[in-house]
Number of protein chains: 2
Amino acid sequence: MKNIINNVAIVGGTHGNELAGVYLVNYWRDDEPQFIARSSFTTETLLANTKAIELNKRYFDSDLNRQFSAESLADMSLSNYEQSRAKVINQQLGPKGNPKSDLIIDLHNTTSNMGPSLLIPQQGEFYDLLAIYMHKVMPEAVVMLDEDHIANDKHHLLSTIAKRGVIVEVGPVPQGVLKHEVNEQMAKMTGIILDFVEMYNSDTLPQLPSSTDAYRYLESLTLPVNDQGQRMGMVHKNIEGNDFKAIKSGDPIFALFDGTEINYQGKDIVYPCFINEAAYYDSNLAMSLCEKVVIKHPQV
Amino acid sequence: MKNIINNVAIVGGTHGNELAGVYLVNYWRDDEPQFIARSSFTTETLLANTKAIELNKRYFDSDLNRQFSAESLADMSLSNYEQSRAKVINQQLGPKGNPKSDLIIDLHNTTSNMGPSLLIPQQGEFYDLLAIYMHKVMPEAVVMLDEDHIANDKHHLLSTIAKRGVIVEVGPVPQGVLKHEVNEQMAKMTGIILDFVEMYNSDTLPQLPSSTDAYRYLESLTLPVNDQGQRMGMVHKNIEGNDFKAIKSGDPIFALFDGTEINYQGKDIVYPCFINEAAYYDSNLAMSLCEKVVIKHPQV
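Residues numbered from 1 in each chain as written. Chains lettered and ligands numbered in written order. Predicted model: local features only at pLDDT ≥ 70, side-chain atom pairs only at ≥ 80, totals over all residues. Heavy atoms only, no water.

## Here we look at helix α4 (residues 81-93) of chain B
Residues and elements named next belong to chain B.
Okay, step 1: Helix length check: α4 (13 residues) gives 18 Å between terminal C-alpha atoms against 18 Å at 1.5 Å per residue, within 8%.
Okay, step 2: If you follow the buried residues of α4, they end up packed against β1 (7-12), β2 (42-47), α2 (50-55), α3 (70-74) and β3 (103-109).
Okay, step 3: If you check the start of α4, you find a side-chain oxygen 3.1 Å away from the backbone N of E82, and it comes from N80. (Helix = DSSP H or I, 4+ residues; strand = E, 2+ residues; numbered from the N terminus. Expected span 1.5 Å × (residues − 1). Contact = heavy atoms within 4.5 Å. Polar contact = N/O pair within 3.5 Å; in protein donor to acceptor, adjacent residues only side chain to side chain.)

## A word on the interface of chain B and chain A
Okay, step 1: Facing the 26 residues of chain B at the interface are 26 residues of chain A.
Okay, step 2: Two residues, A:K237 and B:E184, come together in a salt bridge whose shortest N-O distance is 2.6 Å.
Okay, step 3: Here chain B and chain A share ten residue pairs in polar contact (both at pLDDT 80 or more) between them.
Okay, step 4: Counting only elements with at least two residues in the side of chain B that touches chain A, the list comes to α1 (19-30), α6 (180-201) and β8 (233-235) of chain B.
Okay, step 5: A total of four residues in the side of chain B that touches chain A trace back to one element, the largest contributor, which is α6(B).
Okay, step 6: Split into classes, the residues belonging to the side of chain B that touches chain A amount to twelve nonpolar, seven polar and seven charged. (Salt bridge = Lys/Arg side-chain N within 4 Å of Asp/Glu carboxyl O. Nonpolar A, V, L, I, M, F, W, Y, C, P; charged D, E, K, R; others polar.)

## Examining the relation of the copies chain B and chain A
Okay, step 1: With an RMSD of 0.0 Å, chain B superimposes on chain A once it is rotated by 180° and translated 0.0 Å along the axis. In the structure described here, the two chain copies are related by an operation that fits a two-fold rotation axis. Measuring from the rotation axis to each C-alpha of chain B, the shortest distance belongs to B:P174, at 2.5 Å.
Okay, step 2: With an isologous cut-off of 70% or more, the 100% of interface residues of chain B that recur at the interface of chain A puts this contact in the isologous class. (Least-squares fit on C-alpha atoms with pLDDT ≥ 70 in both.)

## A closer look at the sheet that holds strand β9 (residues 252-256) of chain B
All names here are of chain B.
Okay, step 1: With antiparallel pairing, three strands are arranged side by side in an open sheet as β8-β9-β10. If you trace the sheet from one side to the other, it starts and ends with β8 and β10 (261-263), each paired once. The sheet shows a mean angle of 30° between the axes of neighbouring strands, direction not considered.
Okay, step 2: Note: β8 against β9, three bridges, orientation antiparallel. Bridge pairing in β9 links V235 to F254. (Pairing = 2+ DSSP bridges. Axes fitted to C-alpha atoms, helices over the stretch in contact; angles between N-to-C directions.)

## Quick look at unusual backbone geometry
Okay, step 1: Omega for the bond connecting A:G94 with A:P95 falls within 30 degrees of zero, at 0°, which places this linkage in the cis form.
Okay, step 2: By secondary structure assignment, the location of A:P95 is in the loop between α4 (81-93) and β3 (103-109).
Okay, step 3: Backbone geometry at A:F274 places phi at a positive 45°, although glycine is not the residue there.
Okay, step 4: If you trace the backbone, A:F274 turns up in the loop between β11 (271-273) and β12 (285-296).
Okay, step 5: Take A:F274: its relative accessible area is 7%, and that puts it in the buried class.
Okay, step 6: Positive phi is not limited to glycine here, since B:F244 has a value of about 70°.
Okay, step 7: Mapped onto the elements of the fold, B:F244 is located in the loop between β8 and β9. (Buried < 20%, exposed > 50% of the residue type's maximum accessible area, 1.4 Å probe, protein only.)

## What to know about the pattern of salt bridges
Residues and elements named next belong to chain A.
Okay, step 1: One pass over the structure, following the stated rule, counts 22 salt bridges over all chains.
Okay, step 2: In this structure, R38 and D195 form a salt bridge, with 2.9 Å as the shortest nitrogen-oxygen distance. Of this pair, R38 sits in the loop between α1 (19-30) and β2 (42-47) while D195 sits in helix α6 (residues 180-201), and the two are 157 residues apart along the sequence.

## A closer look at the domain arrangement of chain A
Residues and elements named next belong to chain A.
Okay, step 1: Looking at the assigned domains, one finds that chain A contains domain 1 (7-209) and domain 2 (217-296).
Okay, step 2: Between domain 1 and domain 2, the C-alpha centre-to-centre distance is 26 Å.
Okay, step 3: Both faces combined, the contact of domain 1 with domain 2 buries some 1400 Å², and carbon together with sulfur accounts for 63% of it.
Okay, step 4: At the boundary of domain 1 and domain 2, one finds eight residue pairs in polar contact (both at pLDDT 80 or more). (Domains from an automatic or database assignment. Buried area = accessible area lost by both parts, 1.4 Å probe.)

## Re the sheet that holds strand β9 (residues 252-256) of chain A
Residue and element names in this part refer to chain A.
Okay, step 1: Sheet architecture is open: three strands sit in the order β8-β9-β10, paired in antiparallel fashion. Strands at the two margins of the open sheet, each flanked by one partner only, are β8 (233-235) and β10 (261-263). Here the strands of the sheet are splayed against their neighbours by 30° on average, with no regard to which way each runs.
Okay, step 2: In this structure, β9 lies alongside β10, joined through three bridges in antiparallel fashion. The residue of β10 that forms the bridge with F254 is I262.

## Remarks on the environment of B:G165
Residues and elements named next belong to chain B.
Okay, step 1: By secondary structure assignment, the location of G165 is in strand β6 (residues 164-171).
Okay, step 2: A sequence separation of 83 residues divides G165 from E82, and the C-alpha atoms of the two residues are 20 Å apart.
Okay, step 3: Excluding anything up to four places from it in sequence, G165 contacts L103, I104, P121, Q122, Y127 and S159.

## Thoughts on the packing of aromatic side chains
All names here are of chain A.
Okay, step 1: Taken as a whole, this structure holds 22 aromatic pairs over all chains when the rule is applied.
Okay, step 2: Centre to centre, the rings of W28 and F35 are 5.2 Å apart; their planes meet at 10°, and the pair counts as stacked.
Okay, step 3: The buried category is assigned to W28, whose relative accessible area is 2%.
Okay, step 4: When its relative accessible area of 26% is taken as the criterion, F35 is described as partly exposed. (Phe/Tyr/Trp six-rings, centres within 6.5 Å; stacked < 30°, edge-to-face > 60°.)

Following this line, the structure appears as structure tokens:
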């Protein structure tokens, strides 16, 4: 039997310098609660990393959105600010494995040119229908899957502590900046998810296409570094800003500071995203690579 | 009589998270000194805010590029990290008023869509010729003037401690991110300035146009805030990314979170820049407004 969604939590500020979610959550909570209200479920809002929001930083001690694996949540020796905050949020919206919340919508920004993206970290009919519906009503949206390389209890994302969870990821926008269009896209995508849940609950979804395209995460690429771990180059300008555009073996992917081009080597066509994301510089990550996949309507 | 330029200082990392200058200065110093060497002058390099570079932050205690007024440099009670660092740099490249350095080229990035911009904070024939030459060989460059609203000793920019100084400002690039094209534009503009100085010294400038267009700073606009000082809106999406594009009275300039549009009110056509610059969020600055001006060849 289908699980009705009785409550939804909209989370902003999991990263404190991703301002669209912070401002939208504040605005919806204080000034326009009807935007997130629907008849078949209750909606609550949460600002996740309050200290990082105050500091306009991604995090204070460590990345909050890496603290939600079942193991980390159970490890009371992990006690820095974000590790502690994760345990509190897990009590409030989870607990993971037996959660109060039926759906978390976690709002994020990226400095990469990913447009309005719906990130789906789990498998299931609900997600397949949501992806197909999203593309029907918001064709400019991108659906990105990260749903089968890891069991949900090992997933460390905040959105994985509820029964279901999705991430609304919109860019490009620099850290600590509000962009009108990015706010609009985030609000639109969030509203569509809430509309979808309302129709899903009441079995009133419209006729949907039999399938839709999506991108599935494969691996991350690091920037070229020398023996001392120092960066030797940058993402090539042909790649920069071209999130979700195909690259094939032989395409230039990095430019070293001396002008040398490094080409992508691989047997398949891949689709990069999170290209040059500022927050991933600590770990020298240059981009994620995805494959293109087809999501089929589960009832067709 | 013309003042020959005997030495040039190229400065990167005045803001620690503006990476193009940091990486280019390191690269030129260690791997390609011939790129910045010319026959008629010596070139030195400096990483200005070393602590902020290490932290990948704009600054540690306060903005280094606001510490170079004559008054601040003379005030020994101003002793935080950047205030102290400014005094050291002033000894090294200045001192302001009687400087060792004939020209500082200070390398900056912006999150705004300003392309490759040459910022000129002083008046004079040298600058007029440089602006005209820059446009001749790099038509995509923008020249921005901030040269007559304040006496040089009151200017608080690092580039004002030498006999002459310019800022190479390139965007858009998020803070803490390296962009291939931005690095290329910064290197190109820097090389052109050095070429210009070489020809200026030896009186071998080519025939130049009789004038060129530039933008002169007029004023800064702040984001709309409520009685508690909290932001009520954002830069309007019609303005976002359109640095140096004309706006006129009645054009929408801000969008409040409730959807209300705020229009620009002014009797003249103005040209915004530093639109939505991330670093200016602390002070709620939304953009700078400029007027369009003509720089005339001083010898025509």
